[in-house]
Amino acid sequence: MEIKRDSYLSQLKSFAWDGQVKVITGIRRCGKSYLLRTIYRNYLYEQGVKPEQIITVELDLARDIRYRNPLELASYVRSIAEGKSEQYYLFVDEIQMSDEVPNPYNPDGAKIRFYDALNDLKELSNLDVYVTGSNSKMLSSDILSEFRGRSDEIRVHPLSFAEYYSAGGDKTDAFFDYALYGGMPLILSRPDDEAKMSYLQSLFSEVYIKDIVDRKKIKREDVLSGILDLLCSSVGSLTNPSKIANSMNSVQKRSGESVVSTNTVSSYINHLEDAFLFNECKRYDVKGRSYFDYPNKYYCEDVGFETPV
């Protein structure tokens, strides 16, 4: 099953060989690795790039576990590309699994991180560097921030309907499926409605929410779930943290639970945005401090996420 993602391929092509690290970001399971390792790789083959010119390191696999050490990764890549006349492409998948290691020349100093290794490698004039990754340890938004402006971001979203339909099938059936279950790529491989719904529920609770709880050490999971319920049931409606806190507190008081502060709600919403689960839409005609007085709209990253919460 082939899925076309031409807009992202165009971005990768436009950023090629610009001297920056290309960081492919986006919500987990939206197809970042497929974009890099399949779509972009096939494009490079079509342009005459040979397989041996693409250095692929998959840090989630046992065969590449030694390259979680940034110094080992840099040494390995340099042994292949340094001093050669050919151009090479470096694909590092699941970069968040890279370890921090002591500086062998200054054990008491700052540890060596993946940023140090890749920032060094991108100085090779015959090497073009690409990375993907995200989990509870480090979201792809964190990976992007590590490079402090020394990178290009290719932000990947779940499938658009055009991309979803590119996999084939009846257009009307595809539209109704897409409107209900959304565009997470693996939805296309689920055989029936029950399997699709089960996948979305598992993805939401066992991957996205668990990532946020683990990474941010959330103490009030009930509050996080409540915020998700409210946002998912009122997508596109005007609201803000104060309104959400007031709504939740009216219920919390009746049930005898502790109240929720506006700051807590605001912080949790920020976590949801950092994980790419929601996008905030501000009013374009409001400026400065007035933003605090007006409600905003929040949209799910994928329409299928409105269903399983």
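For the structure, check the block above.
Here the residue numbering is sequential within each chain, running from 1 through the sequence in written order. With pLDDT at 70 or above as the cut-off, local features in this predicted model cover only qualifying residues; side-chain atom pairs require 80 or more to be listed or tallied, and sums for whole chains, interfaces and linings still use all residues. Think of the side-chain values as coming from all heavy atoms in the structure, minus any hydrogens and water.

Before going further, it helps to examine the packing of helix H1 (residues 6–15) against helix H2 (residues 32–46). For every element, the axis is a line fit to its C-alpha atoms; helices are fit only across the contacting stretch, and the angle between N-to-C directions ranges from 0 to 180 degrees. Put simply, DSSP marks the helices as runs of H or I at least four residues long and the strands as runs of E at least two long, and each gets a number from the N terminus on. Interhelical geometry of H1 versus H2 gives an angle of 70° and a closest axis separation of 11 Å. In terms of their interaxial angle, H1 and H2 are classed as roughly perpendicular. H2 is crossed by H1, and the crossing has right-handed handedness. For the pair H1 and H2, contact is made by Tyr-8, Leu-9, Leu-12 and Lys-13 and by Leu-35, Ile-39, Tyr-40 and Tyr-43, respectively. Split into classes, the residues belonging to the contact of H1 with H2 amount to seven nonpolar, no polar and one charged. Angles are sorted into four bins: roughly parallel if under 35 degrees, roughly antiparallel if over 145, roughly perpendicular if 65 to 115, and oblique for all others. Left-handed is the label given to a crossing in which the near helix is rotated counterclockwise from the far helix by less than a right angle, and right-handed is the label when the rotation is clockwise. Contacts are assigned to residue pairs that have any heavy atoms within 4.5 Å of one another. Classification used: nonpolar for Ala, Val, Leu, Ile, Met, Phe, Trp, Tyr, Cys and Pro, charged for Asp, Glu, Lys and Arg, polar for all others including Gly.

On to the pattern of salt bridges. Counted as salt bridges are all cases of a side-chain nitrogen of Lys or Arg within 4 Å of a carboxyl oxygen of Asp or Glu. By the definition in use, this model includes 17 salt bridges. The shortest N-O distance in the salt bridge between Glu-123 and Lys-122 comes to 3.3 Å. We call a residue buried when its accessible area falls under 20% of the maximum for its residue type, exposed when it is over 50%, and partly exposed in between, using a 1.4 Å probe and counting protein chains only. Its relative accessible area of 13% is what places Lys-122 among the buried residues. Via salt bridges that share partners, Arg-37, Glu-58, Arg-63, Asp-64 and Asp-93 belong to a single interconnected network.

With that settled, consider helix H7 (residues 171–181). Buried within H7 we find Ala-174, Tyr-178 and Tyr-181. Looking down the long axis of H7, one finds its buried residues gathered within 90° of arc, a one-sided arrangement. Contacts made by the buried residues of H7 are with helix H6 (161–165) and helix H8 (193–216). Whenever two N or O atoms come within 3.5 Å, that pair is a polar contact, provided that in protein one can donate a hydrogen and the other can accept it, and provided that, for residues adjacent in sequence, both atoms are side-chain atoms. The opening residue of H7, the one whose side-chain oxygen lies 3.1 Å from the backbone nitrogen of Thr-172, is Asp-170. An arc is given here, and it is the one of the directions from the helix axis to the C-beta atoms.

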